[in-house]
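Letter by letter, the chains look like this.
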Amino acid sequence: MKRIIWYPLMSALLIGVYGQGLSPANAGNTQIIAKQIHKEPVQPQLLAGLHKTNTVNVSQTAKEIDEKTARSLVWNLPQVQRKARTIQRLSRGAIKVDAIVDGLPTPDDPYYKVRVYEDQPDHNTTIYWFRVSKTGVIEALDVIENQYISLEAWTEQLRRRR
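Read on for an overview of the structure.

Conventions used here
Residues numbered from 1 in each chain as written. Predicted model: local features only at pLDDT ≥ 70, side-chain atom pairs only at ≥ 80, totals over all residues. Heavy atoms only, no water. Pairing = 2+ DSSP bridges. Helix = DSSP H or I, 4+ residues; strand = E, 2+ residues; numbered from the N terminus. Axes fitted to C-alpha atoms, helices over the stretch in contact; angles between N-to-C directions. Phe/Tyr/Trp six-rings, centres within 6.5 Å; stacked < 30°, edge-to-face > 60°. Buried < 20%, exposed > 50% of the residue type's maximum accessible area, 1.4 Å probe, protein only. Lys NZ or Arg CZ within 6 Å of the ring centre and 35° of its normal. Core = buried A, V, L, I, M, F, W, Y, C linked by side-chain atoms within 4.5 Å. Contact = heavy atoms within 4.5 Å. Polar contact = N/O pair within 3.5 Å; in protein donor to acceptor, adjacent residues only side chain to side chain. Salt bridge = Lys/Arg side-chain N within 4 Å of Asp/Glu carboxyl O.

1. Comments concerning the sheet that holds strand 1 (residues 96-103)
Strands sit in the order 1-2-3-4-5 across an open sheet of five strands; the sheet is antiparallel. Each edge of the open sheet carries a strand with a single partner, namely strand 1 and strand 5 (147-150). Pairwise comparison of adjacent strand axes, ignoring direction, gives a mean angle of 35° for this sheet. Both strand 2 (residues 111-119) and strand 3 (residues 124-133) contribute to a ladder of nine bridges, which runs antiparallel. By the bridge assignment for strand 3, valine 114 is matched with phenylalanine 130.

Given below as structure tokens:
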């Protein structure tokens, strides 16, 4: 019975060692596997050598968005699209709704300012103001409090007004 269990385990061990290469750097891996087979506790320093991982700084992987992307993020919000459809339907197509980047990031204010507005024949009327961080986080302007709030809080405000 021991042979039935022991031979497949040893085969897997040898294949694993062969696949990893028999370099001195991987010699610790063989000890870890052997200890696991014999049910001996594995020391934490040996586990570190088993799975080598690369760490990447998150700030390095976060891409900064550009002006066009900031506008698109705001324009594609469901609330903005719903408002645009409503205005165009009620005006029978006479009033168009659009968005424009009205301010670029500065060292003191690192946000794109995006304005959603009605484009009427003789003037423009602002509907919403948003700010978009360089990483793509959108906040809406609460015009009553004159401060930017999260999209979740803004959506809740819109629901209460209906």
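After presenting the structure, the write-up continues.
2. Concerning the packing of aromatic side chains
Taken as a whole and judged by the stated rule, the model has three aromatic pairs. When the centroid spacing of 5.0 Å and the interplanar angle of 90° are considered together, the rings of tyrosine 128 and tryptophan 154 count as edge-to-face. With tyrosine 128 in strand 3 and tryptophan 154 in helix 7 (residues 151-161), the pair connects residues that are 26 residues apart, well separated along the chain. You'll find tyrosine 128 and tryptophan 154 in the same group, each marked buried. Consider the rings of phenylalanine 130 and tryptophan 154, whose centres lie 5.2 Å apart with planes at 80°: the pair is edge-to-face. You can see phenylalanine 130 sitting in strand 3 and its partner tryptophan 154 sitting in helix 7, a full 24 residues away along the chain. Overall, phenylalanine 130 belongs to the buried group, its relative accessible area being 0%. An aromatic cluster is built from Tyr128, Phe130 and Trp154, whose rings are joined through pairwise contacts. Positioned over the ring face of tyrosine 117 is arginine 115, at 4.8 Å from the centre of the ring.

3. As for the nonpolar core
Core analysis: the biggest nonpolar cluster contains 24 residues, and Val114, Val116, Phe130, Val132 and Trp154 have the highest contact counts within it. Sorting the residues of this core by element identifies helix 5 (67-75), helix 6 (78-90), strand 1, strand 2, strand 3, strand 4 (138-142) and helix 7 as the ones contributing at least two each. The residues touching tryptophan 154, leaving out its near neighbours within four places in the chain, are Gln79, Tyr128, Phe130, Ala140 and Ile149.

4. What about the pairing of strand 5?
When strand 4 meets strand 5, the two strands line up antiparallel, connected through four bridges. Looking across to strand 5, one finds that alanine 140 is bridged to isoleucine 149. Between strand 4 and strand 5, which pair antiparallel and follow one another directly, the connecting turn spans four residues, one of which, asparagine 146, has a positive phi of 55°.

5. Brief notes about the side chain of arginine 131
Inspection of the secondary structure assignment puts arginine 131 in strand 3. On the accessibility criterion, arginine 131 (18% relative accessible area) is buried. Reaching out from arginine 131, the side chain makes a polar contact with the side chain of glutamate 139 at a distance of 2.5 Å. Aside from chain neighbours lying at most four places away, what touches arginine 131 is Tyr111, Tyr112, Lys113, Val137, Ile138, Glu139 and Tyr148.

6. With respect to the pattern of salt bridges
For the structure on display, the rule yields five salt bridges. Arginine 131 is paired through a salt bridge with glutamate 139; the nearest N and O atoms lie 2.5 Å apart.

7. Details of unusual backbone geometry
A negative phi holds for most residues other than glycine; trans holds for most peptide bonds. With a phi close to 55°, arginine 92 is a non-glycine residue in the positive phi region. Here arginine 92 shows up in the loop between helix 6 and strand 1. Backbone geometry places asparagine 146, a non-glycine residue, at a positive phi of 55°. Here asparagine 146 shows up in the loop between strand 4 and strand 5.

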